[in-house]
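Letter by letter, the chains look like this.
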Amino acid sequence: MHETYTLTTDYIALCDLLKTCGISETGGQAKHTIAEGRVQVDGQTELRKTCKIRAGQVVSGDGFQIDVVAGHD
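What you see is a predicted model, and the numbers here were worked out from it, not measured in a lab. (Residues numbered from 1 in each chain as written. Predicted model: local features only at pLDDT ≥ 70, side-chain atom pairs only at ≥ 80, totals over all residues. Heavy atoms only, no water.)

## Focus on the overall build of the protein chain
Inference 1: The secondary structure content of the protein chain amounts to two helices and seven strands.
Inference 2: Its helices and strands in sequence order give the protein chain the pattern β-β-α-α-β-β-β-β-β, from N to C terminus.
Inference 3: Along the first, second and third principal axes, the C-alpha atoms of the protein chain reach 35 × 20 × 20 Å.
Inference 4: Burial statistics for the protein chain: of 73 residues in total, 34% are counted as buried. (Helix = DSSP H or I, 4+ residues; strand = E, 2+ residues; numbered from the N terminus. Buried < 20%, exposed > 50% of the residue type's maximum accessible area, 1.4 Å probe, protein only.)

## Observations concerning the pattern of salt bridges
Inference 1: Going through the model one piece at a time under the given rule, you end up with two salt bridges.
Inference 2: Of the charged contacts, one joins Arg-38 and Glu-36 as a salt bridge, the two residues approaching to 2.3 Å between their closest N and O atoms.
Inference 3: For Arg-48, the salt bridge is made with Glu-46, and the minimal N-O distance between the two is 2.8 Å.
Inference 4: Overall, the relative accessible area of 52% leaves Arg-48 in the exposed class. (Salt bridge = Lys/Arg side-chain N within 4 Å of Asp/Glu carboxyl O.)

## Regarding the sheet that holds strand β4 (residues 44–45)
Inference 1: In space, the five strands of this open sheet follow the order β1-β7-β6-β3-β4, with mixed pairing throughout. In this open sheet, the two strands that pair with only one neighbour each are β1 (2–7) and β4.
Inference 2: With three bridges joining them, strand β3 (residues 39–41) and strand β6 (residues 58–61) adopt antiparallel strand pairing. By the bridge assignment for β6, Val-41 is matched with Val-59. (Pairing = 2+ DSSP bridges.)

## So, the nonpolar core
Inference 1: In terms of nonpolar packing, the biggest core is built from 19 residues, with Tyr-5, Leu-14, Leu-17, Leu-18, Ile-53, Val-59 and Ile-66 touching the most fellow members.
Inference 2: Elements with a contribution of two residues or more to this core: β1, β2 (12–13), α1 (14–20), α2 (27–35), β3 and β7 (64–70).
Inference 3: Per element, the largest residue contribution to this core is four residues, and it comes from α1.
Inference 4: Discounting residues that sit within four places of it in the chain, Leu-17 has contacts with Tyr-5, Ile-12, Ile-53, Val-59, Ile-66 and Val-68. (Core = buried A, V, L, I, M, F, W, Y, C linked by side-chain atoms within 4.5 Å. Contact = heavy atoms within 4.5 Å.)

## Regarding the pairing of β6
Walk down a regular strand and you will see the side chains alternate between the two sheet faces.
Inference 1: Here β6 pairs with β7 via four bridges, running antiparallel. Residue pairing across strands places Gly-61 opposite Phe-64, the latter belonging to β7.

So, in structure tokens, the structure goes:
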């Protein structure tokens, strides 16, 4: 799955992004996936559940990639 997420604020927490994009069904499941080291931000494993994801970053993992872009006001 490859999708683009349009950011409407300065950032989104990593766990919220996974839930919003349907990678995880719940916030708890998203946090568990991150804690297991199964999510990368810009190619680096990210273990911080509330890591701030900003426009221009790429979040990926097993079978998914999310390109985060800035929204237009």
